[in-house]
Amino acid sequence: CKKTTTGRSKAMAIIVRLDVLMAERKVKSIDLAERLGLTPVAVSRLKTGKIKAMRLETMDAICKTLGCQPGDLFEYIPDVEAEGLFDLDSPEDAD
């Protein structure tokens, strides 16, 4: 998370929905990892949103494999709502 001028972390307002898409399609992480040529750890990080960026080629491969559009992978929520989803004072969020 980014720090604000007050020193508090700012929640990211982009939510990765890969876990939802996988559940809807009944695709296991290990199977997706094999199809994409990624490690299971990389797929786990994608699913949990613990990423700062995603390569377009990875997004392309996910969309081809799951039969979805890039917009299906992400959801935008306003900053105010995003702050309520995350514990902004946790040590994990401090960069």
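Now for a look at the structure at hand.

The rules behind each value
Residues numbered from 1 in each chain as written. Predicted model: local features only at pLDDT ≥ 70, side-chain atom pairs only at ≥ 80, totals over all residues. Heavy atoms only, no water. Core = buried A, V, L, I, M, F, W, Y, C linked by side-chain atoms within 4.5 Å. Buried < 20%, exposed > 50% of the residue type's maximum accessible area, 1.4 Å probe, protein only. Helix = DSSP H or I, 4+ residues; strand = E, 2+ residues; numbered from the N terminus. Contact = heavy atoms within 4.5 Å. Arc of directions from axis to C-beta.

## Considering the nonpolar core
Move 1: Judged by nonpolar contacts, the single largest core of 17 residues is most densely connected at L18, L32, I62, L66, C68 and L73.
Move 2: Those elements that provide at least two residues to this core are helix 1 (18–25), helix 2 (29–36), helix 3 (40–48) and helix 4 (56–66).
Move 3: With sequence-adjacent residues up to four places away left out, L66 is seen in contact with L18, L21, M22, R25, V27 and L32.

## A few points about the environment of P40
Move 1: Looking at where P40 falls in the secondary structure, it is placed in helix 3.
Move 2: Taking the relative accessible area as the measure of exposure, P40 reaches 43% and is therefore partly exposed.
Move 3: Residues P40 and S29, eleven residues apart in the sequence, show an inter-C-alpha distance of 6.5 Å.
Move 4: The contacts of P40, once residues within four sequence positions are left out, are I30 and A33.

## Quick notes on the side chain of T58
Move 1: Along the polypeptide, T58 turns up in helix 4.
Move 2: For T58, a relative accessible area of 15% translates into the label buried.
Move 3: When neighbours within four sequence positions are excluded, T58 is seen to be in contact with L38 and L46.

## A look at helix 2
For an α-helix the count is 3.6 residues per turn, leaving residues at separations of three or four pointing the same way.
Move 1: Regarding helix 2, the residues found buried are L32, A33 and L36. Buried residues of helix 2, viewed axially, fall in a sector of 100°; they line one side. Of the residues in helix 2, the exposed ones pointing more than 90 degrees away from the buried face are E34 and R35.
Move 2: Next to the buried residues of helix 2 lie helix 1, helix 3 and helix 4.
Move 3: After helix 2 finishes, the residue G37 shows a positive phi value of roughly 75°.

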